[in-house]
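# Remarks on the overall topology
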Amino acid sequence: MAFQGKKLINDPSGVVTEFIEGLSETYPGLQYLDGFPEIKVVLRADIPSGKYDKVAVISGGGSGHEPAHAGFVGEGMLTAAICGEVFASPHVDAILTGIRAVTGPKGCLLIVKNYTGDRLNFGLAAEQAKSEGYKVETVIVGDDCALPPPRGITGRRGLAGTILVHKVAGAAAAAGLSLEKVAAEAKLASELVGTMGVALSVCTLPGQITSDRLGSGKMELGLGIHGEPGAAVADIQPVEVVVSHVLKQILSPETNYVPITRGNRVVLMVNGLGATPIMELMIAAGKAVPQLQLEHGLAVDRVYTGSFMTSLDMAGFSISIMKADEAILQRLDAATKAPFWPAGINGSRLPAKMPVPIPLSHSTKNEESLARPLQLSEQGHMFEVAIEAAANAIIDMTDSLNEWDSKAGDGDCGSTMYRGATAILEDMKKYYPLNDAAETVNEIGSSIRRVMGGTSGIIYNIFFKAAYAKLKENAQPVVTSKQWAEALQASIIAVSKYGGASAGYRTMLDALIPASSVLQQRLTAGDNPLTAFLASSEAALAGAESTKQMQAQAGRSSYISAEMLASVPDPGAMAVAAWYRAAALAIQKKK
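Residues numbered from 1 in each chain as written. Predicted model: local features only at pLDDT ≥ 70, side-chain atom pairs only at ≥ 80, totals over all residues. Heavy atoms only, no water.

Attention now goes to the packing of helix α3 (residues 116-131) against helix α13 (residues 454-471). Packed helices, taken two at a time, are described by the angle their axes make and the gap between the axes. Two elements in contact, α3 and α13, have axes separated by 7 Å at closest approach and are oriented at 50°. The angle between the axes of α3 and α13 places the two elements in the oblique class. In terms of crossing hand, the pair formed by α3 and α13 is left-handed. Between α3 and α13, the residues in contact are Thr 116, Gly 117, Leu 120, Asn 121 and Leu 124 and Gly 454, Thr 455, Ile 458 and Ile 459, respectively. Grouping the constituent residues of the contact of α3 with α13 by class yields four nonpolar, five polar and no charged. (Axes fitted to C-alpha atoms, helices over the stretch in contact; angles between N-to-C directions. Helix = DSSP H or I, 4+ residues; strand = E, 2+ residues; numbered from the N terminus. Parallel < 35°, antiparallel > 145°, perpendicular 65-115°, else oblique. Left-handed = near helix turned anticlockwise from the far one by under 90°. Contact = heavy atoms within 4.5 Å. Nonpolar A, V, L, I, M, F, W, Y, C, P; charged D, E, K, R; others polar.)

Structure follows, in structure tokens:
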């Protein structure tokens, strides 16, 4: 039976903010940017803004993996960490702000775990930073050894081995190497490490119900770090048996995940997932070392045991194996003040701290401020009705979206969409120039970008920006039905281009593409625009429902078996169908 998870927290929506406050109070070498809590950037307190004379090393991602990533900020490791909401990628503005805050003339390296939301958000931030004159390189880490290739367009997940990449890159940067050389060392390190995890329980997101997916006496093998199901479920075995299975999977010559063969030197990391006692982690480490030596013929040069990259309160551990040589060991042994690295050095406690001011953008563009008009045109009034209905439809189905996503992903789709919907309703009252359709669409994208992290946030931002660009081609204030249809089609093309998905991948596109197709067909046939809109909304709903029969090929759902997905539709597609249908019905009612 599912039950409400027990957490020592205040407001579930404020856990990341309060974590960062406590972290910065505990460790004198860490600070956060002014603009907090919307901009959740943890950085070294000893670096003057934008004047760092070495390569900055920046990482980050969704929260819930503590001490990763903020706990590894410090001299000799990360220069800054960008914190998203729990299990959701940080948004572009936060990443870009972090880049501006710590990047000097030698540039910065972004170390990104291989998840769609992280790749998109960090990628867009990198491109924006480059356009502002910053030197930026990116290394993607995918050290997961649990899933056989291929995995659609998604690839191997980034897991605890990423921490070893952080250490190598941070030491190289501290040694004064150029951006190109730091990036090369980080990339090499990412190619030399493999990780696999084992879980005894499912994690519970703050304020949500504890899943009963994993029954008594069972364990999951090959899990991710976001609460998604593992590659397989098995009976709990003695830890030495579990360790043996994990090591064989990582080092399998058939899959060739890592270039490690008998006689090589390696580094071992045994990583707790959040609720595993140190005793159990040490037992696992004690069994792993002799197995690596005797069964696999490897020389174990370093062993790191503890909690490095967790999954909230999940019980279990992951094992990472990295091929080592003298150069790698030199980087791992280099001094660091990152508080959660095993050899970290703490400084003295400062009596008080002032937030570091947010650095100004390099951009000199001055955009005219927009405001809600005093009087709405007929089109503006219809637009308001449609937006309000669409946003409220998302708010009403928050729990359903979370429930579907808990079975197909990480369980936060509804919460993420809720943040976007409430921001749209609030901003519409003050900022949206509703009589100007193009600019209003642009402002919707800005609202989403401000509050929605993860893959959904960046995908919707791309969606609305593409629609805005298409609508701006029209010089007339009134947008025709044909122009709306063209804008929808342009948005779909952009989402497919940057997200990599297409029809049948089990994503939001499986609702959008049928809707766009029916809308174009009906308008071309001369149907009444409202009739065409309603028909296309029915196609969106049918398309969303059809995702139950699809094997996921994008996002975290691609890690889950078709049998497990068959019971639920794709939550992203259902969200699209809901707001699209609500907007159509609201306009029909108003007409």
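Per the stated rule, a full pass over the model turns up 24 salt bridges. Lys 7 is the partner of Asp 313 in a salt bridge, and the nearest nitrogen-oxygen pair spans 3.1 Å. Here Asp 313 is found in the loop between β13 (299-306) and β14 (316-324), whereas its partner Lys 7 is found in the loop between β1 (3-4) and α1 (15-26), with 306 residues between them in sequence. Judged by its relative accessible area of 27%, Lys 7 is partly exposed. Close ionic contact of Arg 372 with Glu 384 constitutes a salt bridge, the shortest N to O distance being 2.5 Å. Of this pair, Arg 372 sits in the loop between α8 (326-333) and α9 (378-396) while Glu 384 is found in helix α9, placing the two residues twelve residues apart along the sequence. For Arg 372, a relative accessible area of 27% gives the class partly exposed. When its relative accessible area of 15% is taken as the criterion, Glu 384 is described as buried. Among the charged side chains, a network of salt bridges with common partners joins Glu 38, Asp 427 and Arg 450. (Salt bridge = Lys/Arg side-chain N within 4 Å of Asp/Glu carboxyl O. Buried < 20%, exposed > 50% of the residue type's maximum accessible area, 1.4 Å probe, protein only.)

Within the structure shown, the criterion is met by six cavities of 30 Å³ or more. Considered as a void within the structure, the second largest cavity measures approximately 60 Å³ in volume. Looking at the second largest cavity, the residues that line it are Leu 159, Ala 160, Gly 197, Leu 223, Gly 224, Ile 225, Asn 271, Leu 273, Met 309 and Ser 318. For the lining of the second largest cavity, the residue count by class is six nonpolar, four polar and no charged. (1 Å grid on protein atoms, 1.4 Å probe; cavity = no way out; pocket = protein on both sides within 12 Å on 5 of 7 lines; lining within 4 Å. Points joined across faces, edges and corners; volume = space filled by probe spheres on them.)

Moving on, we come to the packing of aromatic side chains. Within the structure shown, the criterion is met by ten aromatic pairs. Judged by centre distance (6.4 Å) and plane angle (25°), the ring pair of Tyr 460 and Phe 464 falls under stacked. On the criterion of helical spacing, the pair formed by Tyr 460 and Phe 464 is a turn pair, its members being four residues apart in helix α13. The same class applies to Tyr 460 as to Phe 464, namely buried. Ring centres 6.0 Å apart and planes at 55° place the aromatic pair Trp 579 and Tyr 580 in the tilted group. Each member of the pair, Trp 579 as well as Tyr 580, carries the same accessibility label: buried. Grouping aromatic residues by their ring pairs yields a cluster made of Tyr 460, Phe 463, Phe 464, Phe 533, Trp 579 and Tyr 580. (Phe/Tyr/Trp six-rings, centres within 6.5 Å; stacked < 30°, edge-to-face > 60°.)

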